[in-house]
Amino acid sequence: MATSKDFMEYLLENSLSDENVSYRPMMGEYLVYYGDKVVADVCDNKLFVKPVKAAVDMLPDAPLLPPYAGAKPFVLVEEIDDGEFLLKLFKAVYEELPAPKPKKHKKSEL
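About the cut-offs
Starting afresh in each chain, residues are numbered from 1 along the sequence in its written order. The predicted origin of the model limits local features to residues at a pLDDT of at least 70 and limits the giving and counting of side-chain atom pairs to 80 or more, whereas totals for whole chains, interfaces and linings rest on all residues. Side-chain numbers come from the whole structure's heavy atoms, not from hydrogens or water. We count a stretch as a helix when DSSP gives it H or I for four or more residues in a row; a strand needs E for two or more, and each element gets its number in order from the N terminus. Only protein chains enter the accessibility calculation, which uses a 1.4 Å probe. A residue is then buried if its area is under 20% of the maximum for its type, exposed if over 50%, and partly exposed in between. By the counting scheme adopted, Arg and Lys are positive, Glu and Asp are negative, and His together with the chain ends is not counted. When a carboxyl oxygen of Asp or Glu is within 4 Å of a side-chain nitrogen of Lys or Arg, the pair counts as a salt bridge. Only heavy atoms matter for contacts: two residues are in contact if any of them lie within 4.5 Å across the pair. A helix is expected to reach a length of 1.5 Å times the quantity of its residues less one. By the criterion applied in these results, polar contacts are pairs of N or O atoms within 3.5 Å in which, for protein atoms, one can donate a hydrogen and the other can accept it, and in which residues neighboring in sequence qualify only through two side-chain atoms. Under the pairing criterion, centres of Phe, Tyr and Trp rings, with the six-membered ring standing for Trp, must be within 6.5 Å; the plane angle then separates stacked pairs below 30 degrees from edge-to-face pairs above 60, leaving the rest tilted. For a Lys NZ or an Arg CZ to count as sitting over a ring, it must be within 6 Å of the ring centre and within 35 degrees of the ring normal. Residues are called lining when one of their atoms sits within 4 Å of a cavity or pocket point, these points coming from a 1 Å grid over the protein atoms alone, where a cavity is a set in which a 1.4 Å probe fits but cannot get out and a pocket is an open set with protein on both sides within 12 Å along at least five of seven lines. Grid points are joined across faces, edges and corners, and a volume is the space filled by probe spheres set on the points. Residues are grouped as follows: Ala, Val, Leu, Ile, Met, Phe, Trp, Tyr, Cys and Pro are nonpolar; Asp, Glu, Lys and Arg are charged; every other residue, Gly included, is polar.

J.: Could you give an account of the side chain of D41, naming the residues involved and the relevant values?
T.: Within the secondary structure layout, D41 lies in strand β3 (residues 37-43). It turns out D41 is buried and unbridged, and the closest side chain with the opposite charge, K50, is 6.6 Å from it. Not counting chain neighbours up to four residues away, the residues in contact with D41 comprise Y30, L31, K46, L47, F48, P67, Y68 and F74.

Shown next as structure tokens:
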């Protein structure tokens, strides 16, 4: 089951309105970015953040589940109504993640 547009609009209205937060569709689901780093996945109308120490500390009782088949476990965020908390969570996850790898440019064929 893919994530509905209504769910993403709800997340946007309640929590993703910060200028540092953006999202991109990915195969029927969504990736959530804070700045230039992916901090969360939205799959099947559920929000999953990367399982860095800060996320586990901020959500100690949250289950660790894979967002999709074959994925590593992420922290399931069940309370999505507190936009201020989500922004703090995204920022904390962002600060623990390594810088994104530079994109390799494709060699042009001559």
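J.: Before we move on, could you go through helix α3 (residues 83-96) and cite the residues and values that matter?
T.: With 14 residues, α3 should cover 20 Å at 1.5 Å per step; its first-to-last C-alpha distance of 20 Å lies within 8% of that length. Among the residues of α3, the N-terminal cap falls to D82, whose side-chain oxygen and the backbone nitrogen of E84 are separated by 3.3 Å.

J.: Go over the packing of aromatic side chains, please, and point to the residues and values.
T.: Under the definition given, this model contains 2 aromatic pairs. Centroid distance Y23 to Y30: 5.4 Å. Interplanar angle 70°. Geometry classified as edge-to-face. With relative accessibility at 9%, the residue Y30 sits in the buried group. For R24, the ring lying beneath its charged end belongs to Y33, and the centroid distance is 4.9 Å. The ring of Y94 has K37 lying over it, and the distance from NZ or CZ to the ring centre is 4.2 Å.

J.: Can you lay out the layout of surface pockets for me, pointing to particular residues and giving the numbers?
T.: Quantified by volume, the largest pocket comes out at close to 290 Å³. D36, K37, V38, P100 and K101 are the residues nearest the centre of the largest pocket, which is lined by 13 residues in total. The space that makes up the second largest pocket amounts to roughly 240 Å³. Every residue lining the second largest pocket is listed: M26, M27, E29, Y30, L31, V38, D41, C43 and Y68. Residue assignment for the lining of the second largest pocket shows that the elements contributing at least two residues are β2 (29-34) and β3. Among the residues making up the lining of the second largest pocket, the classes are represented as 7 nonpolar, no polar and 2 charged.

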